[in-house]
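What follows is each chain in one-letter form.
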Amino acid sequence: MVAVLAVVLAATACSDDLVVDGSGGGGDAMQLGQLLTNAGGENEQFSGVASLRGSSSCTGFLVDTGVAEAPATLVTNGHCVGIWDSSTVLVDDESAPMTVSFRSFVDTVDEVVEVQSTSTRWATMRGTDLAVVELDRTLGELQAQGISAYPLAPLAPVGAPITVVGVPTSGVPADETFLRRVDCTVLREPVRLLEWRWIWDGSQPNDCRGIVGGHSGSPVFDASGAVVAIINTTTIGAPPGGECDLGRPCELVGDEPSQMRDTSYAQPVDVLSGCIVAGRFALGDGCALEAPDGVSVEQLSIYGRSPWTWSAEVSPGSFDEVALKVGPITTTDCREADGYGEPAPPAPVDEPLPDAEGTVLLCVAGARADGSLSLAQAGFARATTDLTPPGGPSELGRSGSSEEGYFAEPSFNPPDLSDFLLAYGPLDATDCADESQYFRYRRVPLMIEPSELPVKVCVIGFDNATNETEPVEFVLD
């Protein structure tokens with residue numbers, strides 16, 4: 001099946017090569033890509049890149065499966081179809097329909113082709129961040145309307161120029177949410193990447209600028225016009241602190257996870273090539289993607305202070321026994337056999353975590369009847385021991401004025417600032433060192449009348465591991 005599809009894709013590759021200059025590095029990393037026009041057909045090759053509206057706003061692209069009469073296949077990210085955990089492998093699901101808009105060029109809005117999804121054939125966020133979606137048109141019907149479909153190819157080599165085309169939406173005015181192009185460069189070989197509860201096994205770093213919300217699922221093209229990867233995360237615009245948490249991915253290299261500034265990441269897509277049979281997605285012998293019967297692990301909390309323990313529940317999937325291993329997250333790979341213990345019936349994991357600061361990984365692999373481990377279907381969970389108090393809140397959010405009064409509230413920045421104690425009152429009667437004056441902040445802003453001014457506000461912040469800051473004092477007058 002793999003060989004057949006490879007021949008089909010080679011035969012249907014885009015005839016027009018892209019002109020890419022790899023000029024993504026430098027400058028303002030938040031600068032959005034060039035808006036694409038197509039009134040003269042100058043960007044027709046990008047007509048198969050689609051804006052997606054469903055559980056979130058994303059981008060996707062049409063795959064050339066080589067079978068015109070088969071339902072059209074679109075690829076996007078797993079998180080674009082509503083997956084947010086590190087365990088789910090979704091198969092043949094119809095619960096997250098989306099509207100798919102091709103030809104989203106800024107100057108030809110009357111030529112947009114809008115279709116609907118019918119099912120998510122496969123999707124996950126464990127190990128990769130991919131979703132395969134079927135549409136309510138056939139590939140041939142869309143191609144008859146001039147929609148381009150793209151072959152899938154292996155990742156581009158380090159240093160190669162690449163092009164990302166997508167529909168960014170975060171911070172973008174509604175009348176500018178159309179296809180944009182970014183030319184950039186592959187930075188390094190693929191790395192394992194950690195973000196929040198997710199680990200992606202082969203994420204390729206690049207220097208593509210302007211990657212913001214809405215770009216998720218954007219195809220990465222090489223110079224031949226083939227799709228070689230799919231954008232799924234970035235450190236562009238990441239707030240300071242909180243490395244490896246949401247929106248702050250870290251590369252798992254060296255002695256500890258490392259967050260690289262202004263770097264975007266893409267997932268390989270050529271693994272899907274062996275999963276297309278007669279023009280449709282199918283799990284089977286030729287498909288290397290995970291089936292939905294693997295092991296999953298749910299960890300109650302991923303941040304804590306010593307002494308604390310794992311609080312992980314193991315779901316064995318189709319396996320009667322499982323094997324475990326635990327180690328530093330940068331050097332422990334659940335897909336490698338070294339370090340696993342002897343198989344045993346599944347049970348909750350509540351062993352003590354290391355006293356020292358750092359992030360560790362728990363791997364749980366299912367054992368087959370012959371005793372071998374199903375490493376490709378191993379589940380995992382992370383836990384970070386944090387003994388360092390975060391820096392105190394640097395600002396107090398406020399609106400209003402001394403004439404009309406103020407609304408004031410502390411600024412959250414999880415995982416470093418996730419909870420607060422507050423105290424406030426007249427300057428001479430409010431003591432930030434007096435614990436008895438504090439109350440827990442319930443996300444309701446302080447309402448301070450003009451007659452109460454000046455007011456002292458005291459703030460103590462807590463991180464996700466419950467380490468607390470020193471009291472910080474603010475004065476409103």
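These numbers come from a predicted model, not from an experiment.

Student: Can you walk me through the sheet that holds strand S14 (residues 227-234) in this structure?
Tutor: Two pairing modes exist for strands in a sheet, parallel and antiparallel, and in both the strands are linked by backbone hydrogen bonds. If you walk across this open sheet you meet the nine strands as S1-S10-S9-S13-S14-S16-S12-S11-S15, and the pairing is antiparallel. Taken across any chain shown, the strands that pair with only one partner, and hence form the sheet edges, are strand S1 (34-35) and strand S15 (250-251). The pairing of strand S11 (residues 191-195) with strand S12 (residues 198-206) spans four bridges and is classified as antiparallel. When the bridges of S12 are listed, Leu193 appears paired with Trp200.

Student: Looking at this model, I keep getting lost on the pattern of salt bridges. Mind explaining?
Tutor: Pairs can form between side chains of opposite charge whenever their charged atoms are close. In this structure the tally under the stated criterion is 15 salt bridges. A salt bridge links Arg53 to Glu114, with the nearest nitrogen and oxygen atoms 3.2 Å apart. Placement of the pair is Arg53 in strand S2 (residues 49-53) and Glu114 in strand S7 (residues 113-124), with a sequence separation of 61 residues. Judged by relative accessible area, which is 41%, Arg53 ranks as partly exposed. Judged by its relative accessible area of 44%, Glu114 is partly exposed. With its nearest N and O atoms 2.4 Å apart, the salt bridge here joins Arg188 to Glu251. Of this pair, Arg188 sits in the loop between strand S10 (180-185) and S11 while Glu251 sits in strand S15, placing them 63 residues apart in sequence.

Student: Before we go on, may I ask you to explain a negative patch on the surface in this structure?
Tutor: A contiguous patch of negative charge, built from Glu42, Asp107, Asp110 and Glu111, is present on the exposed surface. Tracing the sequence through the fold places Glu111 in the loop between strand S6 (99-102) and S7.

Student: I keep staring at the packing of aromatic side chains and nothing clicks. Help me out?
Tutor: The description of two aromatic rings rests on the distance between their centres and on the angle between their planes. Throughout the structure, instances matching the rule amount to nine aromatic pairs. Relative to Trp198, the ring of Trp84 lies with its centre 5.9 Å away and its plane at 40 degrees, an arrangement referred to as tilted. Here Trp84, found in the loop between strand S4 (71-76) and strand S5 (89-93), pairs with Trp198, found in strand S12; they are 114 residues apart in sequence, far enough to count as distant. Its relative accessible area of 48% is what places Trp84 among the partly exposed residues. Ring plane angle 35 degrees and centroid distance 6.1 Å describe the contact between Phe412 and Tyr441, whose orientation is recorded as tilted. Linking Phe412 in the loop between strand S26 (405-410) and strand S27 (419-426) with Tyr441 in the loop between strand S28 (439-440) and strand S29 (446-448), this pair joins segments that are 29 residues apart in sequence. Aromatic ring contacts, followed pair by pair, group Trp84, Trp196, Trp198 and Trp200 into a single cluster. Across the ring face of Trp196, the terminal group of Arg197 is positioned such that the distance to the ring centre comes to 5.5 Å. Sitting over the ring of Phe412, Arg443 keeps its end group 4.0 Å from the ring centre.

The rules behind the values
- Along every chain, residues carry numbers that run from 1 in the direction the sequence is written.
- Local features in this predicted model are restricted to residues whose pLDDT is 70 or higher, and side-chain atom pairs enter the listing and the counts only when it is 80 or higher, whereas totals over whole chains, interfaces and linings include all residues.
- Derived side-chain values reflect all non-hydrogen atoms in the structure, with water molecules and hydrogen atoms excluded from consideration.
- Only strands joined by at least two bridges in the DSSP assignment are considered to pair.
- Helix and strand labels come from DSSP, where a helix needs a run of H or I of at least four residues and a strand needs a run of E of at least two; each type is numbered from the N terminus.
- For this analysis, a salt bridge means a side-chain nitrogen from Lys or Arg found within 4 Å of a carboxyl oxygen belonging to Asp or Glu.
- Burial status follows relative accessibility: with a 1.4 Å probe on protein chains alone, a residue under 20% of its type maximum counts as buried, one over 50% as exposed, and anything between as partly exposed.
- Patch criteria: residues need more than 30% relative accessible area and no salt bridge. Like-charged residues are merged within 9 Å; nonpolar side chains of Val, Leu, Ile, Met, Phe, Trp and Tyr are merged within 5 Å.
- Computed with a 1.4 Å probe, the accessible areas rest on the Shrake-Rupley method; for each residue, only the protein chains presented here act as cover.
- The charge count treats Lys and Arg as positive and Asp and Glu as negative. His and the chain ends do not count.
- Note on charges: their place is set at NZ of Lys, CZ of Arg, CG of Asp or CD of Glu.
- Pairs were defined over the aromatic rings of Phe, Tyr and Trp, the Trp ring being its six-membered one, requiring ring centres within 6.5 Å. Orientation was assigned from the angle between planes: stacked under 30 degrees, edge-to-face over 60, tilted for the rest.
- We count a charge as sitting over a ring when the NZ of a lysine or the CZ of an arginine lies within 6 Å of the ring centre and within 35 degrees of the ring normal.

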